[in-house]
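Reading the structure
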Amino acid sequence: FFNPTFGSRISRTLFENIDDITASVIVDEIKESIRNFEPRVELLDVQAFPNFDNNQFDVTIIYEIIGSDIPPQELQFALQPTR
């Protein structure tokens, strides 16, 4: 069913200044979304770094899958505005 609270507001931040403050907002949005909507993982760390040369934020998420004996997983990706 449609859930209007599902997801995050990260897309709004991608058109803000590329700086540490915006990176902190992105980290908070990712943490909140994973904690609210992904009960199968335990979030260990989220990092976002401004990449001024490419007009993007480089993001790393580290998490463990609950109930699994595999080591923590790391996901890296870039967030950039699209027009």
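Residues numbered from 1 in each chain as written. Predicted model: local features only at pLDDT ≥ 70, side-chain atom pairs only at ≥ 80, totals over all residues. Heavy atoms only, no water.

**With respect to the pattern of salt bridges**
On inspection of all chains with the given rule, the structure shows one salt bridge. The closest approach of N and O atoms between Arg 40 and Glu 38, which form a salt bridge, is 2.6 Å. (Salt bridge = Lys/Arg side-chain N within 4 Å of Asp/Glu carboxyl O.)

**A word on the nonpolar core**
The biggest cluster of nonpolar side chains holds 16 residues, and the ones touching the most others in it are Ile 26, Ile 30, Phe 57, Val 59, Ile 61 and Leu 79. For this core, the secondary-structure elements that each account for two or more residues are α2 (20-37), β1 (41-51) and β2 (56-65). Top contributing element to this core by residue count: α2, with five residues. Non-local contacts of Ile 30, meaning those with residues more than four positions away in its chain, are made with Ile 10, Val 46, Val 59, Ile 61 and Phe 77. (Core = buried A, V, L, I, M, F, W, Y, C linked by side-chain atoms within 4.5 Å. Buried < 20%, exposed > 50% of the residue type's maximum accessible area, 1.4 Å probe, protein only. Helix = DSSP H or I, 4+ residues; strand = E, 2+ residues; numbered from the N terminus. Contact = heavy atoms within 4.5 Å.)

**A few points about α2**
Here α2 is 18 residues long and its end C-alpha atoms lie 26 Å apart, about the 26 Å a rise of 1.5 Å per residue gives. Listing the buried residues of α2 in full gives Thr 22, Ala 23, Ile 26, Val 27, Glu 29, Ile 30, Ser 33 and Ile 34. The arc that holds the buried residues of α2, viewed along the axis, is 165 degrees, so those residues lie on one side. Residues of α2 that are exposed and angled more than 90 degrees away from the buried face: Asp 20, Ile 21 and Arg 35. Its side-chain oxygen at 3.3 Å from the backbone nitrogen of Ile 21, Asp 19 defines the N-terminal cap of α2. (Expected span 1.5 Å × (residues − 1). Arc of directions from axis to C-beta. Polar contact = N/O pair within 3.5 Å; in protein donor to acceptor, adjacent residues only side chain to side chain.)

**What about the side chain of Asn 51?**
Looking at the secondary structure, you find Asn 51 in strand β1. Apart from the residues within four sequence positions on either side, Asn 51 is in contact with Ile 18, Gln 56, Phe 57 and Asp 58.

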